[in-house]
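Commentary on secondary and tertiary structure
Chain by chain, the residues:
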Amino acid sequence: MSEGILSGRVGVVFGVANKRSIAWAIAQAWVAAGARLIFNYQGERVRGNVEELAAACGPDTPVAQCDVSRDDEIAGFFDFVRSSAGRVDLLLHSVAFAPREALEGRFIDTTRQAFAVAHDISAYSLVAVSRAAAPLMTDGGSIVTLSYYGAEKVVPHYNVMGVAKASLEASVRYLAHDLGPQRIRVNAISAGPVNTLAARGISGFMEMYKHYEAHAPLRRNVTLEEVGQTGLFLASDGGAGITGQTIYVDSGYSVMGM
Ligand code: NAD
Ligand code: 0WE
């Protein structure tokens, strides 16, 4: 493990809720490549899960609370990162939330409050955690976030999340410009549908999953491992020339016109 392509690197991981989380798939790929990680958990509800998964990454893997809608928790979390590791090389942002009602009816009915919450947690939080992490990325770094096709094209019911993901992808480009001189790269992975906690309970998710299987060039859905491997690529020197991009990991679905 010490000769892995990420050996000696320190990664901060936002967005593990359970073992099906996309964040966990990328975290596992980073650990297998030799990185040491630090995890956030959103609140007490997922604390136990995250502590258990973190322990599987190494006996003293640090874990701390950070609700990304709170500036004080982001500051406290990165104080904890500084005191436990002293530096950061990799940052994973795998966080999104919109009030459930906003993902059910029509986009036109999105309330001011739901619009604000979706953008705060799903887009602004990338800016906030990048600003907090950048001073610790003293030898350059790689920041990776997660997006979805609804940022670019209308996916019925994705609604305000699509608009927030468009903001997230634009934020990736502006952050890439700001942080490039410090050799910090910023990219998004636009993943095809994956059956995670955030996807389950979305009405019609299984139909969409089947639709991808029928129409994507690869005629199947993507696996968590595949998304993990792209997260590893972007974190590693394999991605050294890539910044500001949104990379699709979607079995090719997004290239289809019909
Ligand atoms: P998930 O539920 O496992 O992860 C979502 C995470 O967001 C959870 O860990 C949750 O705790 C965290 N979160 C929500 N609000 C937060 C807050 N205020 N503070 C801190 N953390 C908060 O689901 P997932 O599917 O792994 O989602 C991860 C990312 O992948 C999201 O950005 C999602 O939009 C994106 N994505 C998911 C799919 C899919 O089909 N599952 C496809 C493309 C992109
Ligand atoms: O980004 C997502 C989902 C993110 C998400 C999920 C929830 C469910 C629980 C954000 N907020 C909430 N709020 C909740 O209360 N995906 C890419 C998965 C997803 O969600 C959809 C999709 C796909 C794909 C919703 C409608 C249509 C397609």
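About the criteria used
Starting from 1, residues in each chain are numbered consecutively following that chain's sequence as written. Labels follow written order: the first chain is A, the first ligand is 1, and so on. The model is predicted, so local features are restricted to residues of pLDDT at least 70 and side-chain atom pairs to those at 80 or more, both for listing and for counting; the totals for chains, interfaces and linings are taken over all residues. Only hydrogens and water are removed before side-chain values are computed, so all heavy atoms of the structure are retained for them. Starting at the N terminus, helices and strands are each numbered in turn, a helix being any DSSP run of H or I of at least four residues and a strand any DSSP run of E of at least two. The globule rule used here is 2.2 Å times the number of residues to the 0.38 power, and the radius of gyration it is set against is calculated over C-alpha atoms. Exposed residues in this analysis have more than 50% of their type's maximum accessible area, buried residues have under 20%, and partly exposed residues fall in between, with area computed by a 1.4 Å probe over protein chains only. Contacts are assigned to residue pairs with any non-hydrogen atoms lying within 4.5 Å of each other. All accessibility values rest on the Shrake-Rupley procedure with a 1.4 Å probe; residue burial counts only the protein chains present in the view. We call a residue near a molecule or strand whenever a single non-hydrogen atom of that residue lies within 4 Å of it. By the criterion applied in these results, polar contacts are pairs of N or O atoms within 3.5 Å in which, for protein atoms, one can donate a hydrogen and the other can accept it, and in which residues neighboring in sequence qualify only through two side-chain atoms. Here, strands pair whenever DSSP counts at least two bridges between them. Axis angles are defined between N-to-C directions and span 0 to 180 degrees, where every axis is a line fitted to C-alpha atoms and, for a helix, only to the segment in contact. Classification used: nonpolar for Ala, Val, Leu, Ile, Met, Phe, Trp, Tyr, Cys and Pro, charged for Asp, Glu, Lys and Arg, polar for all others including Gly. Handedness of a crossover: with both strands directed away from the viewer, a clockwise path from the first strand across the helix to the second marks it as right-handed. Should an angle fall under 35 degrees it is called roughly parallel, over 145 degrees roughly antiparallel, and 65 to 115 degrees roughly perpendicular, with every other angle called oblique. For a crossing to be left-handed, the near helix must be turned anticlockwise from the far one by less than a right angle; the clockwise case is right-handed.

It is worth spelling out the overall build of the protein at this point. The secondary structure content of the protein amounts to seven helices and seven strands. In sequence order, the protein lays out its α and β elements as β-α-β-α-β-α-β-α-β-α-β-α-α-β. Expected size for 258 residues packed as a compact globule is a radius of gyration near 18 Å; at 17 Å, the protein falls within 12% of this value. Each principal axis of the C-alpha atoms in the protein carries an extent, and together these give about 45 × 40 × 35 Å. Counting all 258 residues of the protein, 52% fall into the buried class. In the protein, the share of contacts with a sequence separation of at least 24, taken over all contacts with a separation of at least 6, comes to 75%. Accessible surface, the protein: about 12400 Å² in total, of which carbon and sulfur atoms supply 55%.

Bringing the site of ligand 1 into the picture now. What surrounds ligand 1 is a group of 26 residues, the closest being Ser21, Gln42, Lys165, Val194 and Thr196. At 2.8 Å, a backbone N or O of Gly15 approaches an oxygen atom of ligand 1. Between ligand 1 and Val95 there is a distance of 3.4 Å, counted from an oxygen atom to a backbone nitrogen or oxygen. In isolation ligand 1 exposes 820 Å². Once the protein is present, 93% of that is buried.

Time to look at unusual backbone geometry. Non-glycine residue His157 carries a positive phi angle of around 80°. A relative accessible area of 40% means that His157 is categorised as partly exposed. For Arg219, which is not glycine, the phi dihedral falls at a positive 55°. Turning to its location among the elements, Arg219 is positioned in the loop between helix H6 (205-215) and helix H7 (224-235). Looking at Arg219, the relative accessible area reads 54%, which means it is exposed.

Below, the discussion takes up the side chain of Ser130. Relative to the helices and strands, Ser130 resides in helix H4 (residues 112-133). At a separation of 2.7 Å, a polar atom in the side chain of Ser130 contacts the main-chain carbonyl oxygen of Leu126. Not counting residues up to four positions away in its chain, the partners in contact with Ser130 are Leu91, Ile143 and Leu175.

Turning our attention to the sheet that holds strand E2 (residues 36-41). Strand order in the open sheet made by the seven strands is E3-E2-E1-E4-E5-E6-E7, with parallel pairing throughout. The open sheet is flanked by strand E3 (63-65) and strand E7 (246-249), the only strands paired with a single partner. Across the sheet, the mean angle from the axis of one strand to that of its neighbour is 20°, orientation sign disregarded. Of the strand pairs in this sheet, strand E1 (residues 10-14) and E2 are connected by four bridges, and their pairing is parallel.

Bringing the site of ligand 2 into the picture now. Within the structure, ligand 2 sits among Phe97, Ala98, Arg100, Leu103, Tyr148, Pro156, His157, Tyr158, Ala198, Ile202 and Met208. Within the contact set of ligand 2, a nitrogen atom lies 2.7 Å away from a backbone nitrogen or oxygen of Ala98. Protein coverage of the free-state accessible area of ligand 2, which is 600 Å², stands at 87%. Across the shell around ligand 2, the residue classes break down as nine nonpolar, one polar and one charged.

Right, let's get into the environment of Arg106. Tracing the sequence through the fold places Arg106 in the loop between strand E4 (90-93) and H4. On the basis of relative accessible area, Arg106 is assigned to the exposed category, the value being 56%. Put simply, Arg106 and Gly76 are 30 residues apart on the chain and 38 Å apart in space, counted from C-alpha to C-alpha.

Take the pairing of E1 next. Buried residues dominate E1, accounting for five of its five residues. Residues Val10, Val12 and Phe14 of E1 are buried on one face, and the alternating residues Gly11 and Val13, pointing to the opposite face, are buried as well. In terms of handedness, the path from E1 via helix H1 (residues 22-32) over to E2 forms a crossover that is right-handed. Examined bridge by bridge, E1 and E4 share four bridges and lie parallel to one another. Note that in E4 the partner of Gly11 across the bridge is Leu90.

Contact pair H1 / H7: the axes reach a minimum separation of 8 Å and the direction vectors enclose 55°. With respect to their mutual orientation, H1 and H7 come out oblique. The element H1 and its partner H7 pack so that their crossing is right-handed. Here Ile22, Ala25, Ile26, Ala29 and Trp30 of H1 lie close against H7, whose contacting residues are Leu224, Val227, Gly228, Gln229, Gly231, Leu232 and Ala235. Considered class by class, the residues forming the contact of H1 with H7 number nine nonpolar, three polar and no charged.

All we've got here are geometric facts, nothing functional implied.
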